[in-house]
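# Working through the structure, step by step
So the chains spell out like this:
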Amino acid sequence: MLFETLSLLALCLLAWFWLDGIKVREIGVRAARRACEREGVQLLDDTVAFRSLRPSRDEDGRMRLRRVFDFEYSGSGDDRQRGSVVLLGREVVLLDVGARKPTLH
């Protein structure tokens with residue numbers, strides 16, 4: 001009985017983590033898309049790629065998951081440049097469009 005309960009709990013936590021990851025990734029895609037539009041460049045593949053995950057504290061000292069996503073963009077259509085977006089929980093805390101100056105949020 002204890003094994004089944006713990007297994008079910010682990011499965012629920014895994015499902016929550018997976019669904020939360022999908023939502024956070026979508027926030028990252030939207031932020032990258034807006035940054036590219038603002039800079040006048042094209043977001044390539046219309047997606048972000050997961051780079052890292054680690055626990056980190058927010059401004060109030062609470063533990064949050066810090067996720068970093070990379071994306072590629074092009075200014076001319078012939079080049080690929082790399083940018084990144086950093087989220088703390090579900091909040092965008094840093095957006096870097098390559099060689100351009102990073103934007104703090």
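Structure first, text after, so check above.
What this report covers is the structure whose coordinates are included nearby. Here the structure is a predicted model, which means the values were calculated and not measured. (Residues numbered from 1 in each chain as written. Predicted model: local features only at pLDDT ≥ 70, side-chain atom pairs only at ≥ 80, totals over all residues. Heavy atoms only, no water.)

Moving on to the packing of aromatic side chains. In this structure the tally under the stated criterion is 2 aromatic pairs. Geometrically, the ring pair formed by Phe-50 and Phe-69 is edge-to-face, given 6.0 Å between the ring centres and 70° between the ring planes. Of this pair, Phe-50 sits in strand β2 (residues 49-57) while Phe-69 sits in strand β3 (residues 63-74), and the two are 19 residues apart along the sequence. Between Phe-71 and Tyr-73, the aromatic rings sit 6.3 Å apart at their centres with planes inclined by 45°, giving tilted as the arrangement. A residue is classified by how much of its surface remains accessible, and Phe-71, at 2% relative accessible area, is buried. Here Tyr-73 falls in the buried class, since its relative accessible area comes to 0%. (Phe/Tyr/Trp six-rings, centres within 6.5 Å; stacked < 30°, edge-to-face > 60°. Helix = DSSP H or I, 4+ residues; strand = E, 2+ residues; numbered from the N terminus. Buried < 20%, exposed > 50% of the residue type's maximum accessible area, 1.4 Å probe, protein only.)

Following the criterion strictly, the structure yields 11 salt bridges and no others. Of the charged contacts, one joins Asp-70 and Arg-82 as a salt bridge, the two residues approaching to 3.6 Å between their closest N and O atoms. Of this pair, Asp-70 sits in strand β3 while Arg-82 is found in strand β4 (residues 81-88), placing the two residues 12 residues apart along the sequence. A relative accessible area of 13% places Asp-70 in the buried class. Here Arg-82 falls in the exposed class, since its relative accessible area comes to 52%. One salt bridge in this structure joins Glu-72 and Arg-80, with 2.7 Å as the shortest N-O distance. A network of salt bridges, in which partner residues are shared, links Asp-45, Arg-51, Asp-70, Glu-72, Arg-80 and Arg-82. (Salt bridge = Lys/Arg side-chain N within 4 Å of Asp/Glu carboxyl O.)

Functional significance is not addressed by these values, which are geometric in nature.
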